[in-house]
Amino acid sequence: MNQHTVKMRELARELLSSGQVSLVLGWEKGNLWYKSPPVFISRVEDVEKLIFDEFCHNNLAKYLMDLVHHSGKIAVFVKGCDSRAINRLLQDNQIKREKLYIIGVPCPGLKDPDDAVGKKQGAEVKNSAKCATCSYPNPVVYDALLWETVPVNTTKAPVEELIAKLDSMTPDERYAYWTEQFSRCIRCFACRNVCPACNCRECCFDQAEPDWLGKANNLSENQFMQMTRAMHVAGRCIECGECERVCPMNIPLMAINKKVARDIAELFGECAAGLDLEKRPPLGHFDLNDPEKFM
Amino acid sequence: MSVSTADIKRINPLIPIRGKITKIVQETPDVKTFHVTTLDGQKPFIPLPGQLAMFSIPQVGEAMFSITSQGPHHLEMSIKEVGQLTRFLHEVEEGQECGIRGPYGNGFPIDYCKGKDLLFIGGGIGLAPVRSLINYCVENRKDFGKLTVVYGARSYADLVFKEDLFENWPKMENMEVFVTIDRPEEGWNGHVGFVPAYVEELNFSPMVTITCGPPIMIKFVLQSLAKMGFNDKDVITTLEMRMKCGIGKCGRCNIGSCYVCLDGPVFTLEQLKLLPPEY
Amino acid sequence: MKTIVKSRLAELLQTMAQDFRVLVPVKSETVSQFVPWQEGLTVNLEGNTVLPPKDIFFPQTEKMYKFKVKGSSVDIEEFAEDVQKQVIFGIRSCDMQSIDCLDKVFLTKGYEDTFYKTKRDKTLLVALACTKPQDTCFCESLGLNPLEASGADIQVYDLGDALGFVAKTPEGEELLAKYASLFTEVNAVPQKVEGFNLKAEVAGIPEKLAKMFDHPIWDEVSQKCLGCGACAYLCPTCHCFDISGNVKADQGYKFRCWDCCMFSEYTRMAGGHNPRPSKKERVRNRFMHKLYYFQERYGQLLCTGCGRCIAKCPVGMDITAIIEKIKEAEV
């Protein structure tokens with residue numbers, strides 16, 4: 001067992017047995033060695049299920065919205081990206097800080113489970129694409145930090161190359177590229193449902209009256225859905241890359257989200273979402289110095 | 001549970017036939033009864049009492065309704081204004097064309113009811129499905145014993161089928177009608193109170209009972225009937241679920257392994273007790 | 001056994017494509033599904049497709065009829081559907097079993113679904129034996145034989161450098177005879193199947209679930225579910241659909257499209273009441289349907305062990321682990 005896992009269990013056991021928290025959100029191991037799905041622990045004897053390894057992809061902050069009526073405090077393990085989601089949800093008044101015990105786990109970067117499919121446990125597995133672009137592997141908000149912070153990776157990542165390639169295209173070429181991508185969407189909503197920025201109580205895509213989004217699967221509805229989502233999470237996306245990881249159709253969703261984040265940074269200055277609880281998202285408030293070129 | 005559907009083969013069961021709304025009757029402020037025929041003035045199909053129809057205005061929507069009555073050339077559906085389609089329906093005029101397909105569901109167990117005294121208990125719009133059986137009994141009067149109707153609504157204005165309640169049915173031989181409204185109001189000399197309490201007050205001896213109404217009414221009616229010693233297999237009710245296909249394929253109206261559109265909507269209390277307690 | 005070397009498979013498919021619409025499994029970074037054969041395609045003989053083949057008979061969106069509105073008049077007209085004879089090549093035992101499930105749903109119990117039947121009736125099924133189960137496969141646990149698909153017109157075996165074809169129905173016989181010149185008769189023994197990583201003991205599960213509607217297991221099982229539709233849309237047996245319409249000015253059409261019991265609006269009635277208000281009721285219905293209700297109604301499980309849901313669930317929901325939990329639950 002790795003030292004990280006030992007530390008997680010120790011703290012979880014202490015928090016649960018002392019009654020400081022009544023629930024712990026972490027990761028566990030299932031039947032597949034390259035997946036570490038979420039686990040909900042409320043009994044001390046179950047802390048042995050907790051693990052930390054290179055496949056702890058799920059952003060557990062998403063579940064805090066399901067648990068707003070949970071009585072008692074909740075301990076939640078957060079990597080750097082996950083911790084930004086916590087700040088975002090706090091800013092949107094979706095969760096209450098005093099109900100949380102946040103345990104920061106500095107993240108060394110995770111492995112790509114798709115690359116592990118068919119391989120024996122312990123085999124060489126590619127790094128996860130979403131972690132290659134990560135600038136904030138260390139938690140930005142926590143009550144306890146479980147181990148030493150990790151250095152920030154500064155190498156150029158594949159998604160940056162894709163954005164550069166898309167930027168160099170003519171509008172028609174770019175439209176053709178995204179048309180091809182969105183034509184594959186099966187509208188399972190895994191991207192939306194895993195996304196911590198998608199925190200509306202009722203999503204406009206689910207509304208029956210008016211039915212903004214038609215149920216037919218065709219390019220026009222798919223584009224409408226994906227572009228609406230990209231615009232809606234603009235400035236609030238914490239770039240955890242979960243949408244792209246869970247897409248069963250391999251649509252490069254982070255290329256849109258990163259591109260939009262970069263455009264916003266160019267317009268409004270550096271403003272990575274969820275870093276600073278006091279700093280409102282640029283599209284969520286008005287400032288007299290905001291650029292007005294579009295007006 | 002066995003599938004009681006007749007082996008109905010149609011060219012394409014999901015495509016409606018064209019129909020026309022020939023008459024609209026305002027029953028209450030938010031309930032209207034629609035008379036529907038085919039374009040050439042015929043009855044679209046011949047339903048059994050308690051069966052359902054998929055009724056549509058193609059450009060607005062399609063939904064399942066109980067067929068409350070039928071004439072030689074038309075079907076009748078009483079529809080309360082609750083959503084998009086029903087809101088549209090409440091604004092159309094006579095002559096509006098529509099789509100209709102069916103009949104769906106099992107219908108009431110007529111053979112089982114034959115020769116017996118029957119008690120009908122309805123609340124609000126819930127009298128609509130029950131009325132199809134009452135009308136059948138009235139039309140085939142000699143096949144059934146005594147008919148008793150207990151019906152209630154929030155107010156006098158909310159009582160549906162007033163002509164039947166106050167004119168047609170009370171005149172029938174060996175038939176009694178008891179009507180109640182929730183709260184007293186000026187000009188109302190009849191009974192005041194909720195349906196379940198009224199049923200207990202009337203203190204019936206156990207007999208075959210058909211009941212339909214809002215879930216909360218059904219819940220208390222069932223309690224009242226149990227108190228009076230009614231038998232679960234003689235208590236018959238209808239269920240409601242969201243439906244899309246009507247032919248047991250699209251999946252959403254299941255309660256346990258039953259599909260309400262195919263195996264229902266009519267169930268005895270005995271059958272319901274074997275199904276999961278919730279959906 | 002009639003065999004053809006793998007390098008000549010394209011030739012066979014190309015010849016067949018002159019008489020049939022031929023659907024084959026392909027796999028690239030962007031697509032993993034059955035698509036109409038065309039010259040230059042590489043058929044994927046390794047592992048199954050991400051998307052199941054159900055859309056061949058039951059497309060994600062299917063137009064049903066069109067209508068024209070003029071004042072209070074509404075004209076309704078069917079779409080003329082021109083269905084070609086088709087061959088599905090390379091379908092696995094699990095997906096063959098799913099077709100059996102779909103046949104039961106769409107073709108039995110009083111009504112035949114015309115849209116499904118017109119396509120199904122014109123289809124020949126050429127199954128491909130599985131010798132290397134994927135990490136998430138568990139069809140064997142459900143009583144399927146990965147080497148022999150039930151219901152296939154032809155069973156194909158991987159013989160290493162070649163593929164062996166054995167007809168299982170008169171229609172399959174006829175198909176092989178038609179292209180006899182492309183095959184070589186060789187004495188060959190099909191490869192055996194390697195071991196399965198996942199197992200599930202399903203004996204007694206439906207009977208046990210009959211007593212578990214109110215069991216606390218559903219609180220636990222549903223907790224991590226995100227309520228998305230990845231499992232249902234990738235499942236070869238999930239068949240729930242919605243009927244909706246598209247209206248532009250005075251005309252439009254009705255279509256049906258895949259729906260998913262995990263979505264909140266699935267059972268929401270006009271007026272707002274929802275009998276399955278939270279993910280607990282929805283998750284329960286999903287697993288009850290697969291492992292109990294379907295068995296009670298049609299005599300078999302609504303799961304074929306293909307493992308697609310396990311492979312793609314965003315939060316690692318694992319139906320084999322859930323079956324294990326049900327087995328161990330105290331009732």
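This one's a predicted model, so the numbers in the text were calculated from it and none came from an experiment. (Residues numbered from 1 in each chain as written. Chains lettered and ligands numbered in written order. Predicted model: local features only at pLDDT ≥ 70, side-chain atom pairs only at ≥ 80, totals over all residues. Heavy atoms only, no water.)

Peer 1: Which residues make up the overall build of chain B, and what values do they have?
Peer 2: Secondary structure summary: chain B contains eight helices and 16 strands in total. Relative to the 2.2 N^0.38 estimate, which gives 19 Å for 279 residues, the radius of gyration of chain B is 18 Å and therefore close to what a compact globule would have. Expressed along its principal axes, the backbone C-alpha trace of chain B runs to roughly 50 × 45 × 35 Å. Expressed as a percentage of the 279 residues in chain B, the buried residues total 61%. (Helix = DSSP H or I, 4+ residues; strand = E, 2+ residues; numbered from the N terminus. Rg over C-alpha atoms; globule rule 2.2 N^0.38 Å. Buried < 20%, exposed > 50% of the residue type's maximum accessible area, 1.4 Å probe, protein only.)

Peer 1: Outline the overall build of chain C, supporting the account with residue identities and numerical values.
Peer 2: When you go through chain C residue by residue, the secondary structure sums to ten helices and twelve strands. Taking 20 Å as the expected radius of gyration for a compact globule of 331 residues, we find that chain C reaches 22 Å, a close match to that expectation. Along the three orthogonal principal directions, the C-alpha set of chain C runs to about 65 × 60 × 40 Å. Across the 331 residues that make up chain C, the buried fraction comes to 60%. Across chain C, the fraction of contacts at a sequence separation of at least 24, relative to all contacts at a separation of at least 6, is 71%. In the form shown here, chain C has an accessible surface area of approximately 13,300 Å², with 49% of it arising from carbon and sulfur atoms. (Contact = heavy atoms within 4.5 Å. Areas by Shrake-Rupley, 256 points an atom, 1.4 Å probe, with all protein chains shown as cover.)

Peer 1: Which residues make up the interface of chain C and chain B, and what values do they have?
Peer 2: Interface size is commonly expressed as the accessible area that is lost once the parts come together. Each partner contributes to the interface: chain C provides 48 residues, whereas chain B provides 48 residues. When chain C packs against chain B, the two sides together hide about 4,300 Å² of surface, and 56% of this comes from carbon and sulfur. If you look at where chain C meets chain B, you find five salt bridges. We note a salt bridge from Arg252(B) to Asp259(C), for which the minimum N-O separation is 2.4 Å. Linking chain C to chain B there are 24 residue pairs in polar contact (both at pLDDT 80 or more). Sorting the residues of the side of chain C that touches chain B by element identifies β4 (61-70), β5 (73-78), α2 (93-107), α3 (114-120), β11 (241-248), β12 (251-258) and α8 (279-298) of chain C as the ones contributing at least two each. In terms of residue count, the dominant contributor to the side of chain C that touches chain B is α8(C) (seven residues). Partitioning the side of chain C that touches chain B into residue classes produces 22 nonpolar, ten polar and 16 charged. (Buried area = accessible area lost by both parts, 1.4 Å probe. Salt bridge = Lys/Arg side-chain N within 4 Å of Asp/Glu carboxyl O. Polar contact = N/O pair within 3.5 Å; in protein donor to acceptor, adjacent residues only side chain to side chain. Nonpolar A, V, L, I, M, F, W, Y, C, P; charged D, E, K, R; others polar.)

Peer 1: Could you give me a rundown of the domain arrangement of chain C, with the residues and numbers involved?
Peer 2: All names here are of chain C. Partitioning chain C into domains gives domain 1 (2-47 + 82-185) and domain 2 (205-328). For domain 1 versus domain 2, the separation of C-alpha centres amounts to 27 Å. Approximately 1,800 Å² of surface area, both sides summed, lies buried where domain 1 meets domain 2, with 65% of it carried by carbon and sulfur atoms. Viewed at the interface, domain 2 and domain 1 are joined by two salt bridges. Residue Asp113 is joined to Arg256 by a salt bridge in which the shortest nitrogen-to-oxygen separation is 2.7 Å. Counting across the domain 1 and domain 2 interface gives eight residue pairs in polar contact (both at pLDDT 80 or more). Counting only elements with at least two residues in the side of domain 1 that touches domain 2, the list comes to α2 and α3. (Domains from an automatic or database assignment.)

Peer 1: Please set out the sheet that holds strand β8 (residues 154-158) of chain C residue by residue, giving values where relevant.
Peer 2: In any sheet, the strands associate via hydrogen bonds between backbone groups, in a parallel or an antiparallel arrangement. All names here are of chain C. On the basis of which strands lie adjacent, the open sheet formed by eight strands has the order β3-β2-β6-β7-β8-β9-β1-β10 and mixed pairing. The sheet is open, and its two edges are formed by β3 (32-36) and β10 (184-185), each paired on a single side. For strand β2 (residues 21-27) and strand β6 (residues 86-91), the ladder comprises three bridges, and the chain directions are parallel. Note that in β6 the partner of Arg21 across the bridge is Gln86. Contacts from α2 reach β6 and β7 (123-128), with the element oriented near 135 degrees to β6. (Pairing = 2+ DSSP bridges. Axes fitted to C-alpha atoms, helices over the stretch in contact; angles between N-to-C directions.)

Peer 1: Describe the sheet that holds strand β5 (residues 144-145) of chain A, with residues and values.
Peer 2: Residues and elements named next belong to chain A. Ordered by their spatial adjacency, five strands build an open sheet running β2-β1-β3-β4-β5, and the pairing between neighbours is mixed. Every other strand in the sheet has two partners, leaving β2 (38-41) and β5 as the edge strands with one partner each. Two strands pair when backbone bridges link them, and strand β1 (residues 23-27) and β2 are joined in this way by four bridges, in the antiparallel orientation. Bridging from a neighbouring strand, Leu25 pairs with Phe40 of β2. Seen against the sheet, helix α2 (residues 80-91) touches β1, β3 (74-78) and β4 (100-104) and runs at an angle of roughly 135 degrees to β3.

Peer 1: Got a sec to walk through helix α4 (residues 170-178) of chain C? Specific residues and values, please.
Peer 2: Residues and elements named next belong to chain C. Those residues of α4 not exposed but buried are Gly172, Leu175 and Leu176. End-on view of α4: buried residues confined to an arc of 95 degrees, all on one side of the axis. Facing away from the buried side of α4, by more than 90 degrees, are the exposed residues Pro170, Glu173, Glu174 and Ala177. In this structure, the buried side of α4 is in contact with β1 (2-5), β6, β7, β8 and β9 (162-167). (Arc of directions from axis to C-beta.)

Peer 1: Tell me what's going on with the environment of Val186(C), and back it up with residues and numbers.
Peer 2: All names here are of chain C. Within the element layout of this structure, Val186 appears in the loop between β10 and α5 (205-209). C-alpha of Val186 to C-alpha of Val74: the two residues are 112 residues apart in sequence and 63 Å apart in space. If near-sequence neighbours (up to four positions away) are discounted, Val186 is found in contact with Met1 and Thr3.

Peer 1: Explain the packing of α8(C) against helix α10 (residues 319-328) of chain C to me, and be specific about the residues and the numbers.
Peer 2: Residue and element names in this part refer to chain C. For the pair α8 and α10, the least separation of the axes is 12 Å and the interaxial angle reads 75 degrees. Classified by the angle between their axes, α8 and α10 sit roughly perpendicular to one another. Contacts from Phe287, Lys290 and Leu291 of α8 reach α10 at Ile319, Ile322, Ile323 and Ile326. Here the contact of α8 with α10 is built from residues that sort into six nonpolar, no polar and one charged. (Parallel < 35°, antiparallel > 145°, perpendicular 65-115°, else oblique.)

Peer 1: I'd like a rundown of the nonpolar core, residues and numbers included.
Peer 2: Membership of the largest hydrophobic core comes to 186 residues, with the highest contact counts inside it found for Val24(A), Leu25(A), Phe77(A), Ile86(A) and Leu209(C). Looking at this core, the element that brings in the most residues is α8(C), giving eight residues. Setting aside residues no more than four positions away along its own chain, Val24(A) makes contact with Ala12(A), Leu16(A), Val39(A), Phe40(A), Ile41(A), Leu50(A), Ala75(A) and Phe77(A). Within the second largest apolar cluster, 33 residues are counted, among which are Cys113(B), Leu118(B), Val130(B) and Ile210(B). (Core = buried A, V, L, I, M, F, W, Y, C linked by side-chain atoms within 4.5 Å.)

Peer 1: Any details on the domain arrangement of chain B? Residues and values, ideally.
Peer 2: All names here are of chain B. As assigned here, chain B comprises domain 1 (17-104) and domain 2 (110-238). Each of domain 1 and domain 2 has a C-alpha centre, and the two are 24 Å apart. Each side of the interface is counted separately: domain 1 has 15 residues, and domain 2 has 16 residues. A buried area of about 1,200 Å², summed over both sides, lies between domain 1 and domain 2, and 56% of it is on carbon and sulfur atoms. Among the residues domain 1 hides against domain 2, the three largest losses belong to Glu27, Pro49 and Thr68. Together they make up 41% of the total. Here domain 1 and domain 2 share one salt bridge between them. Here Glu76 and Arg131 are joined by a salt bridge, their closest N and O atoms 3.5 Å apart. Seen at the junction of domain 1 and domain 2, the total is six residue pairs in polar contact (both at pLDDT 80 or more). Where the side of domain 1 that touches domain 2 is concerned, the elements lending two or more residues are β1 (17-28), β2 (31-38) and β6 (75-80). Ranked by residue count, the leading element in the side of domain 1 that touches domain 2 is β6, at three residues.

Peer 1: An account of the pattern of salt bridges is needed here, citing residue identities and associated values.
Peer 2: Tallied over the full model, the rule gives 53 salt bridges over all chains. The salt bridge partner of Asp263(B) is Arg297(C), with a shortest N-O separation of 2.8 Å. Here Asp263(B), found in helix α7 (residues 260-263), pairs with Arg297(C), found in helix α8, and the two come from separate chains. Overall, Arg297(C) belongs to the buried group, its relative accessible area being 10%. As a salt-bridge pair, Lys168(C) and Glu148(C) come within 3.1 Å of each other at their nearest N and O atoms. With Lys168(C) in the loop between β9 and α4 and Glu148(C) in the loop between β7 and β8, this residue pair connects regions lying 20 residues apart in the sequence.

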